[in-house]
Amino acid sequence: MAARQLRLVIQVEDYDAAVAFWRDALGLEETAAFEGEGDARVMILEVGRATLELANAAQVDLIDRIETDGHHSPPLRVAVEVDDAATVSSELEEAGASVVATARETPWKSLNARLIAPDGVELTLFQELGGGPSVRTVD
């Protein structure tokens, strides 16, 4: 079996506000949207390449200390690569996100900012700076 796509499904209280944040403010591309009975609505947003990062509790604690001075993240956090983490963080704050930690350089050579989206999802914005540890790839 080979997985072909990763979808992260977020149940939101305010659908329109979530669309305004994730699509309009963060700039994710809308690829499909559907409506059903009882005001059922869903939108699929393209994020680019998806990866699934598995980390044990010690690694999450380490990341939290580095990125946020110790703010404890939930078991599921969304991380999105952007071109300018500091600017996008400010733009998302204006769009309703709460800043947990401003952009800072990490030991793995990325600039990371941590926010909480208006729908409660914790979000890391990361900007690759280059020169960090290599990532093993599979051909």
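What counts and what doesn't
Within each chain, residue numbers correspond to sequence positions counted from 1 in written order. In keeping with the model being predicted, local features are shown solely for residues with a pLDDT of at least 70 and side-chain atom pairs are shown and tallied solely at 80 or more, while totals for entire chains, interfaces and linings include all residues. To obtain the side-chain values, all non-hydrogen atoms of the structure were used and water was disregarded. In DSSP terms, a helix is any run of H or I states spanning at least four residues, a strand is any run of E spanning at least two, and both are numbered starting from the N terminus. Any helix carries an expected span of 1.5 Å times its number of residues minus one. Accessible area is worked out with a 1.4 Å probe on protein chains only. A residue is then buried under 20% of its type maximum, exposed over 50%, and partly exposed in between. The directions considered for the arc are those from the helix axis to the C-beta atoms. Only heavy atoms matter for contacts: two residues are in contact if any of them lie within 4.5 Å across the pair. Each reported salt bridge corresponds to a side-chain nitrogen of Lys or Arg within 4 Å of a carboxyl oxygen of Asp or Glu. Two strands make a pair as long as DSSP finds a minimum of two bridges between them.

### Some words on helix α2 (residues 57-68)
Then comes step 1: Over its twelve residues, α2 runs 16 Å from end to end, which matches the ideal 16 Å to within 8%, given 1.5 Å per residue.
Then comes step 2: Among the residues making up α2, those that are buried are I63, D64, E67 and T68. Projected down its long axis, α2 carries its buried residues within an arc of 100°, all on one side. The exposed set on the far side of α2, more than 90 degrees from its buried face, consists of A58 and R65.
Then comes step 3: Turning to α2, the residues buried within the fold contact β4 (98-105), β5 (110-116) and β6 (122-128).
Then comes step 4: Following α2 by one or two positions, D69 has its phi on the positive side, about 60°.

### Some words on the pattern of salt bridges
Then comes step 1: A complete count under the given rule lists nine salt bridges for this structure.
Then comes step 2: We note a salt bridge from R41 to D16, for which the minimum N-O separation is 3.1 Å. With R41 in strand β2 (residues 40-46) and D16 in helix α1 (residues 15-25), this pair connects stretches of sequence that are 25 residues apart.
Then comes step 3: Given the relative accessible area of 31%, R41 is considered partly exposed.
Then comes step 4: Among the salt bridges present, the one from E122 reaches R114, with a minimum N-O distance of 2.7 Å.

### Some words on the pairing of β5
Then comes step 1: Buried residues dominate β5, accounting for six of its seven residues.
Then comes step 2: In this structure, β4 lies alongside β5, joined through five bridges in antiparallel fashion. If you follow A101 over to β5, its bridge partner there is R114.
Then comes step 3: Counting the residues in the hairpin turn of β4 and β5 gives four residues, including K109, whose phi is positive at 60°.
Then comes step 4: Here seven bridges tie β5 to β6, and the two strands are oriented antiparallel to one another.

By themselves, these are just geometric observations and shouldn't be taken as functional.
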